[in-house]
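Tertiary structure, described
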Amino acid sequence: MKKGIYYTPRPSREPVTREGDPGGKWSAKFPDMMGYRSQGGGKVPEDFEWASNPKQVQEELTPESLAASYSQRVIPRLPEPAPTPALPADAKPTPK
């Protein structure tokens, strides 16, 4: 039997699935649907300024500055464990 022989996709599935408009209009049946109304307007205020410019910082990096920052890194070290005390000379080994 060939796959999909009895299935014919419909050109318009909205009447079958009862979904909202494919353009994304809000529907009471699907309140969580993302549509054109729920998306932002895309306007940035004219007085908006970035606090920093990551691209400029990245462009100003040179191999010398990277090597200097690498050599100044502080690598945390784990504390060394206390040495285990030595057994007295007359100690007998424990049987296993």
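Values in this document were obtained by computation on a predicted structure and should not be read as measured data.

Observations regarding the overall build of the protein
A count of helical and extended segments in the protein gives 3 helices and 0 strands. In the protein, the succession of α and β elements from N to C terminus is α-α-α. Out of the 96 residues belonging to the protein, those deemed buried represent 4%. Element-wise, carbon and sulfur atoms account for 58% of the exposed surface of the protein, whose accessible area totals about 10,600 Å².

Some thoughts on the packing of aromatic side chains
Counting across every chain of the model gives 1 aromatic pair. Between Phe48 and Trp50, the aromatic rings sit 5.4 Å apart at their centres with planes inclined by 80°, giving edge-to-face as the arrangement. Among the residues examined, Phe48 registers a relative accessible area of 45% and is labelled partly exposed.

Observations concerning a nonpolar patch on the surface
On the surface, Val44, Phe48 and Trp50 cluster together into a nonpolar patch covering about 420 Å² of accessible area. Note that Trp50 resides in the loop between helix H1 (14–17) and helix H2 (54–60). When its relative accessible area of 72% is taken as the criterion, Trp50 is described as exposed.

Let's talk about the confidence of the model for the protein
Detailed reading of predicted coordinates is not advised where the pLDDT is low. Per-residue pLDDT for the protein has a mean of 76; in total, 70% of the residues score no lower than 70. Of all helices and strands in the protein, the one with the weakest mean pLDDT is H1 (72), whereas helix H3 (residues 63–71) scores best (88).

Criteria and thresholds
- Residues numbered from 1 in each chain as written.
- Predicted model: local features only at pLDDT ≥ 70, side-chain atom pairs only at ≥ 80, totals over all residues.
- Heavy atoms only, no water.
- Helix = DSSP H or I, 4+ residues; strand = E, 2+ residues; numbered from the N terminus.
- Buried < 20%, exposed > 50% of the residue type's maximum accessible area, 1.4 Å probe, protein only.
- Areas by Shrake-Rupley, 256 points an atom, 1.4 Å probe, with all protein chains shown as cover.
- Phe/Tyr/Trp six-rings, centres within 6.5 Å; stacked < 30°, edge-to-face > 60°.
- Patch = residues over 30% accessible without salt bridge, like charges linked within 9 Å, V, L, I, M, F, W, Y side chains within 5 Å.
- Salt bridge = Lys/Arg side-chain N within 4 Å of Asp/Glu carboxyl O.
- pLDDT = per-residue confidence, 0-100.

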